[in-house]
Amino acid sequence: MGMAAHNHSPRSSVERALRLLEAVDRRGFGASASELAEEVQLSVEHARRLLRSLVREGYLERLDDGAYVLGGALAMLGQANREQLVQSRLVAKLASLRDELGAAVYFSRYADGEVSVQAVVDGPMTPSVHEWVDFRASGHASAIGKCLLSQLDHDSRRDHLNRHPAARFTSRTTVDTGVLLQRLDRHPVTMPMLDLQEYAIGTVCAAVAVTAGNAVGCLAFSLPVEEAYRLKEAAETLQRKAAPVLLALTV
């Protein structure tokens, strides 16, 4: 769903935020926004925006004199509860996205050769899609599966489809492996991946890639087909809001 320019992608935003964190860490007594901007080669305006986000998330604190120092959230990351902390922050981010998009939101990873939906946040007015076929077997049809597969190399995609042969779930499902591989090969990883009733009649979905290091992941949302007109705008919003989610998983 990469509808933003490459240099404004979630990944590049997170990389810049991490460089700022590293710069603050090197300056134990704090540093101003202008000093940090110069050190990481960003404009002061761009650095201030990222610094404000890092303060909101608790990764940095802004002192009375305007200097930035490391915040309390980072102090917990080396402790035994890091996994629970990251999961709770992830769910909070997904809940915020659900409310903003007005749609159920999903976070998934490709782990050990399988599609793994690791978190789903829905609500009474934003129901999640009924998993009538195991998501692990629907990589060829779901937006989540196709988005994850699009981030793999060609051989890994072919291996996955050999292990999980494409089955026809609806009249819109593509089951020709050659066609599927060709579409995945041509799909830019920064562009949205859509499911237009390919997994389930009555539901449309969109997914964006969120990768940290070698990990392959994605954020997705689903809508009833009656609200398909909101798909493009909601996908663009999800793309813009992916960076804080990726940051929560990275640091």
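Refer to the structure above for everything that follows.
All values derive from a computational prediction rather than experimental measurement. (Residues numbered from 1 in each chain as written. Predicted model: local features only at pLDDT ≥ 70, side-chain atom pairs only at ≥ 80, totals over all residues. Heavy atoms only, no water.)

### A short note on empty space enclosed by the protein
Applied cut-off: Put plainly, a pocket is an open set of points on a 1 Å grid over the protein atoms alone with protein on both sides within 12 Å along at least five of seven lines, a cavity is a set where a 1.4 Å probe fits but cannot get out, and a lining residue has an atom within 4 Å of a point. Grid points are joined across faces, edges and corners, and a volume is the space filled by probe spheres set on the points. Per the convention used, a helix needs a DSSP run of H or I reaching at least four residues, while a strand needs a run of E reaching at least two, with both numbered from the N terminus. In this classification, the charged set is Asp, Glu, Lys and Arg, the nonpolar set is Ala, Val, Leu, Ile, Met, Phe, Trp, Tyr, Cys and Pro, and all remaining amino acids, among them Gly, are polar.
Taken as a whole, this structure holds 2 cavities of 30 Å³ or more when the rule is applied. Size it by volume and the largest cavity reaches roughly 90 Å³. Counting only elements with at least two residues in the lining of the largest cavity, the list comes to helix H6 (143–150) and strand E7 (217–224). For the lining of the largest cavity, the element with the highest residue contribution is E7, accounting for 3 residues. Class assignment of the residues belonging to the lining of the largest cavity gives a composition of 9 nonpolar, 2 polar and 1 charged.

### Considering the sheet that holds strand E3 (residues 104–111)
Applied cut-off: What makes two strands pair is DSSP finding at least two bridges between them. The axes are straight lines fitted to the C-alpha atoms, using for helices just the contacting stretch, and the angles between their N-to-C directions are given from 0 to 180°.
Reading across the sheet, the 5 strands line up as E4-E3-E7-E6-E5 and stay open at both edges, with antiparallel pairing between neighbours. The strands lining the two open edges of the sheet, one partner per strand, are strand E4 (114–121) and strand E5 (193–196). Taking the axes of each pair of neighbouring strands and ignoring which way they run, one obtains an average angle of 25° across the sheet. One ladder, built from 7 bridges, connects strand E6 (residues 203–209) with E7; its direction is antiparallel. Bridging across to E7, cysteine 205 finds its partner in serine 222.

### Remarks on helix H7 (residues 154–163)
Here is the rule: Burial here depends on accessible area, computed with a 1.4 Å probe over protein chains only, as a share of the maximum for the residue type. Under 20% is buried, over 50% is exposed, and the range in between is partly exposed. Summarising the geometry, the arc corresponds to the directions from the helix axis toward the C-beta atoms. Note on contacts: a residue pair qualifies if any of its non-hydrogen atoms lie within 4.5 Å across the two residues.
Buried residues of H7: Arg157, His160 and Leu161, and no others. The arc enclosing the buried residues of H7, seen along the axis, measures out at 95°, which places them on a common side. Those residues of H7 that are exposed and angled more than 90 degrees off the buried face are Asp155 and Asn162. Those residues of H7 that are buried lie in contact with E3, E4, H6 and helix H8 (177–186).

### Let's talk about the environment of arginine 136
Under the convention used in this document: Between N or O atoms, a polar contact is any pair within 3.5 Å; within protein, one atom must be a potential hydrogen donor and the other a potential acceptor, and residues adjacent in sequence are included only when both atoms are from side chains.
Take arginine 136: it is sitting in the loop between E4 and H6. Between the alpha carbons of arginine 136 and glutamate 114 there is a distance of 6.0 Å; along the sequence they are 22 residues apart. Apart from residues no more than four positions distant in its own chain, arginine 136 is found in contact with Glu114, Val115, His160 and His164. For arginine 136, the side chain forms a polar contact with the side chain of aspartate 134, separated by 2.7 Å.

### Some thoughts on unusual backbone geometry
The backbone of glutamine 41 sits at a positive phi, close to 60°, despite the residue not being glycine. Tracing the backbone shows glutamine 41 in the loop between helix H2 (33–40) and helix H3 (44–56). A positive phi angle, close to 60°, is found at glutamine 197, a residue other than glycine. Here glutamine 197 lies in the loop between E5 and E6.

### Overview of the packing of H7 against H8
Where we set the bar: A crossing counts as left-handed when the near helix is turned anticlockwise from the far one by less than a right angle, and as right-handed when that turn is clockwise.
At a closest axis distance of 11 Å, the pairing of H7 and H8 adopts a crossing angle of 145°. Seen from above, H7 lies across H8 with right-handed handedness. Counted together, His154, Arg157, Arg158 and Leu161 of H7 and Thr177, Leu180, Leu181, Leu184 and Asp185 of H8 form the full contact between these two elements. Here the residues of the contact of H7 with H8 sort into 4 nonpolar, 2 polar and 3 charged.

### A word on the packing of H2 against H3
The relative placement of two packed helices comes down to the angle between their axes together with the axis-to-axis distance. Rules: Relative orientations are named as follows: roughly parallel for angles under 35 degrees, roughly antiparallel for angles over 145 degrees, roughly perpendicular for angles from 65 to 115 degrees, and oblique for any other angle.
Closest axis-to-axis distance for the H2/H3 pair is 9 Å, and the angle between their directions is 110°. By the criterion of interaxial angle, the relationship of H2 to H3 is roughly perpendicular. Where H2 abuts H3, its residues Ala33, Ser34, Leu36 and Ala37 lie against Val44, Ala47, Arg48 and Leu51. Residue composition of the contact of H2 with H3, grouped by class: 6 nonpolar, 1 polar and 1 charged.

That is the geometry; function is a separate question.
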